[in-house]
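Read off the chains here:
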Amino acid sequence: MTIPHLRQFTASLARTVRSSWPLQSQQGTNGFGAIPPLVAGSRYIEWTVRCSGQPDHSGYLVNITRIDEAVRAWAAAWPAAIESVACMRSLADSCASAALPPLIGLSLRVSPQHIYHWDPAMPEQLNLQVSFEFSASHRLALPGRSDAENHALFGKCSNPNGHGHNYRLDVVVATDPSVPNAVAMLERVVDREVMSRLDHKHLNLDCPEFAQLNPSVEHIALVCRNLLQTPLRAAGLDLVSVTVWETAKTCATVQAAV
Ligand code: NI
């Protein structure tokens, strides 16, 4: 029996394949550890394959074991640096050869803080996402409004003495092979332009950027974008986007200014 509302729909599916690198064996399963188990001289990485299409009658867009097999078969033969456009294009070709559904993205996590993203719609570009953390306090309040008015707008977030968050800042830049030590360069710029200004500060009281700007997570992301874009460009790095996580449940993203 056909269920009418399930007849046709599009879904995207993401599958992360855990692996040690270099990948020296096809043994093991896609469990909690790497495959093969980490040994001296190898490191743990994660490949994430995102594809999109219409699931069939089984409810599957694709059997995820086919993604695992395609990535592992390709990885076993890939000879060169993995943080590259050539690597991503090669993996994309292998996914196509394995007749996986249309690819909408590949990601390579090389550390808890560093992820490379590749979009088949922009095949010559490899983006690097680096995550940072800072702690700050703030008070959500509009200048010129009374405490009662601000409480009506922002509830307990307008507590006059403020409250704190451990923020996460994800900065995405387009990599450029001609820029040596891009990761170190990015980290230096973020440390100088954002961390030195915002970390361990009361945003409303200590930071001129928020003297007249309500420090919502959206505004914090905007300020970080504005602080970073020009200095990153001077360092040879093109900013793509900035995401600020206020909690594990709440984040805001601002794209680079055109
Ligand atoms: Ni808050």
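Below or above, wherever it landed, is the structure these notes cover.

1. What about the overall build of the protein?
Argument step 1. The number of helices and strands found in the protein is six helices and nine strands.
Argument step 2. By residue count, 44% of the 258 residues in the protein fall in the buried class.
Argument step 3. A separation threshold of at least 6 residues defines the contact pool for the protein, and within that pool the share at least 24 residues apart is 65%.
Argument step 4. Just so you have it, the protein exposes about 13800 Å², and 55% of that area is on carbon and sulfur atoms.

2. What to know about the coordination of the nickel ion
Argument step 1. The nickel ion binds to the protein through His-138 (NE2), His-163 (NE2) and His-165 (NE2); the donor distances cover 2.0 to 2.1 Å.
Argument step 2. Read in sequence order, the donor residues for the nickel ion give the motif H-x24-H-x1-H. Residue His-138 is located in strand 5 (residues 126–138), and its partner His-163 is located in strand 6 (residues 163–174); the two are separated by 25 residues in the primary sequence.
Argument step 3. Residue class for His-163 comes out partly exposed when judged on its relative accessible area of 22%.

3. A few points about the environment of Val-217
Argument step 1. Position of Val-217 among the secondary structure elements: in helix 6 (residues 217–234).
Argument step 2. Residue classification places Val-217 among the buried positions, given a relative accessible area of 6%.
Argument step 3. The sequence separation of Val-217 and Leu-140 amounts to 77 residues, and the corresponding C-alpha distance is 9.9 Å.
Argument step 4. For Val-217, the residues in contact, after removing those within four places along its chain, are Val-244, Glu-246, Thr-250 and Ala-252.

Cut-offs used in this document
- Counting restarts for each chain: residues are numbered from 1 in the order of the written sequence.
- Only residues with pLDDT of 70 or above have their local features reported here, since the model is predicted, and side-chain atom pairs are shown and tallied only from 80 upward, although totals for entire chains, interfaces and linings are computed over all residues.
- In computing side-chain values, all of the structure's heavy atoms are included and hydrogens and water are not.
- Each helix corresponds to a stretch of at least 4 residues labelled H or I by DSSP, and each strand to a stretch of at least 2 residues labelled E; elements are numbered beginning at the N terminus.
- The buried label applies to any residue whose accessible area, calculated with a 1.4 Å probe on protein chains only, is under 20% of its type's maximum; exposed applies above 50%, and partly exposed to all values in between.
- In this description, contact between two residues means that some pair of their heavy atoms is separated by no more than 4.5 Å.
- Shrake-Rupley sampling with a 1.4 Å probe provides the accessible areas, and residues are treated as covered by the protein chains on show and by no other component.
- Metal sites are built from N, O and S donor atoms within 2.8 Å, or 3.2 Å for Na, K and Ca, and they leave out water, so they may look incomplete.

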